[in-house]
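# Inside the fold
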Amino acid sequence: MPPTSTVTAAGENRPTKQNSLKKIIIISTVVLIVIFILANFRSHYQQRTSLTSIALNPGEIHWKECVPAVENVECGRIIVPKDYFDAEAGTASVALARYKAKKFPRKGSVFLNPGGPGGPGSRLPITTGSALAKVIGEDWDLIGFDPRGIGSTMPPTRCFSSQISNTVLFANTVVEQGITVSSISDLSSPLLYDQLVEQHRQFLAVKEAHAHLCGEMMGNELKYMGTATVVRDIDFMSRVIEGEDEKINYWGISYGSILGAYLVNMLPHRIGYAVIDGIVNPVSWSNEPSHKWPINWISDAEKTYQIFLQDCSKGPLHVPYVNIRTSLGKTWSVVPFGNRPGVLTSGGARGLLAKSLQRPLKWPKVAKSFSSAMAGNGTELYNAIVRPLPLADLDSPEPHISPRLAVTCLDSPRPTAPDEFPTAEDLTEQGLKALREVSPHFGLSTGVSEPDGGCQYWPVDGPERFTGPWNATLETKMLIVSNTADPITPKSSGLLVNSLMPDSSVIIIQDGPGHCSIFLPSLCTAKLQRGYFAGEIPKNGTVCPVDLATFPDEESDKHIQMLSTEDRELLKALRDLEAMF
């Protein structure tokens, strides 16, 4: 790889007139970008929506062979009411894929969600159907669908005329590269405070421009992307596919736990089996503004980080963890030959590490990238954050930021009066609190993977916003899965949901790092989930070990070789599942 040069972080004095000029330049630049994008996109989106607004009857469903064809999987679309409280609003078309049961008698369908929000669920049966069937059971149909505004579901969330317009707005901003914390050793530093305020001013300017674009281009079409509406879709789809009297069965991870928590609490009488894995706190999600969510999410991030450092220092690379600690805040790296010429900031590196903690089986690759960066070549880290300027077709799905905000800004409460809007100073104080009280390394680092915030600018409200209660009584207990060291959905959130539904849920604790159980496989967890879908409810609080090492060695390989043939096959399916996400 080409070498990179090193430039120290700038800024020695408190902002004065020069900083005011910077603020004016930032806002002016964003305004010009917005004008450019608006001019290029309005007619394009109107043309697209006119083509997808064909009058179809709710309940119509069409299955066909997937393109390209996939063994035992069929793809399709179902027409649903756009607004379940206003028949005059028209219809939406939800994209589906179904992995068909191979064992009979067939038990029914399980609806799947891969997280996000923004993840298209229709890809799950296509890419992971056979592996998921090993976990859920081969006597179930597995149905993945693209939630409202996501993937191939119509109407899509479209805020830009092209992928390149999308990239232009976010390029080289804190939305793309994260917030840089120049030093975590003195969080009371006035200089640090001023630096964070300046970055958050940029963050708010970009968020306001983004919301304005979405409102101008989509108008009221944005109203129907919230989680409560998706719950209504699942109920509607289940009735069409399985029949009016059949129960809804569900499996979801990460944000899928939010969708699952909404589903079982909004429609408890309709629920059969439900598994949620990697739990997001639904009380916070539905009752706090989105910029306050991360302080809860990262409560186990430091624990995961310590496991990463220890495993990394003992692994084949023998990367001293003190070097990684030091490198996170020390310098910026100029990357002239990356996906785009640019700068890798320490905020970008820190945010990427926080994101990478979610995938323990990827830690060896992450360690190599950081080792390379510490040796002076930050290209690989930079390329993991910054994508090339896209030349994609206008009809390709937008990157996840727009679809994600279309969901989160309808689910969370948002201030409507400008004097209630969070300021750059408010966001800075919130970030410093997270650094001081929760995670000194990642208190301001969730933005790279979880680009939330700015919902005060969102132009619409949805037809329905669910805020609880979260204590529904179910006929069959829901199964909750949490890891002991999940850096973004902590065990405490799983325990909270379990405590709110003490007689209608059980929890499995997977003793290992990573986000959701699937990212560091456990045969114990997988077998308990498969047993659950066969009617065997596990004991509440069951603890399961993991079966793979983060940095494989001879000892871990021997463990795998000692497994039975059946267990090795299941473990292979789990590894395939992890690799496909």
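Residues numbered from 1 in each chain as written. Predicted model: local features only at pLDDT ≥ 70, side-chain atom pairs only at ≥ 80, totals over all residues. Heavy atoms only, no water.

Going by the annotation in an unreviewed UniProt entry, the name recorded for the protein chain is Alpha beta-hydrolase, with Lentinula edodes given as the source organism.

A word on unusual backbone geometry. Val 67 connects to Pro 68 through a cis peptide bond whose omega is -5°. By the element assignment, Pro 68 lies in the loop between β2 (61-65) and β3 (73-81). Put simply, Gly 468 and Pro 469 share a cis peptide bond, and its omega is 5°. Although it is not a glycine, Asn 172 sits at a positive phi angle of roughly 65°. Structurally, the position occupied by Asn 172 is in the loop between α3 (163-170) and α4 (174-177). (Helix = DSSP H or I, 4+ residues; strand = E, 2+ residues; numbered from the N terminus.)

It is worth spelling out the state of the cysteines at this point. Counting across every chain of the model gives 4 disulfides. The partner cysteine of Cys 66 in its disulfide is Cys 75, sulfur to sulfur 2.0 Å. What sets the handedness of the Cys 66 and Cys 75 disulfide is the S-S torsion sign, and at about 100° it is right-handed. By the burial criterion, Cys 66 is buried, and Cys 75 matches it. The side chain of Cys 409 participates in a disulfide bridge whose partner is Cys 455; the two sulfur atoms lie 2.1 Å from each other. (Disulfide = S-S within 2.5 Å. Buried < 20%, exposed > 50% of the residue type's maximum accessible area, 1.4 Å probe, protein only.)

According to the stated counting rule, one finds 21 salt bridges in the structure shown. Here Arg 106 ties to Asp 141 by a salt bridge, and the two come within 2.8 Å at their closest N and O atoms. With Arg 106 in the loop between β4 (91-99) and β5 (108-113) and Asp 141 in strand β6 (residues 140-145), the pair connects residues that are 35 residues apart, well separated along the chain. The exposure class of Arg 106 is partly exposed, given its relative accessible area of 33%. Linking Arg 239 and Asp 235 is a salt bridge whose minimum nitrogen-to-oxygen distance equals 3.2 Å. Note that Arg 239 and Asp 235 are positioned in helix α6 (residues 227-242) at a spacing of 4 residues, about one turn of the helix. (Salt bridge = Lys/Arg side-chain N within 4 Å of Asp/Glu carboxyl O.)

Looking at the element boundaries, Asp 503 is found in the loop between α17 (491-500) and β12 (505-513). Residues Asp 503 and Thr 473, 30 residues apart in the sequence, show an inter-C-alpha distance of 7.3 Å.

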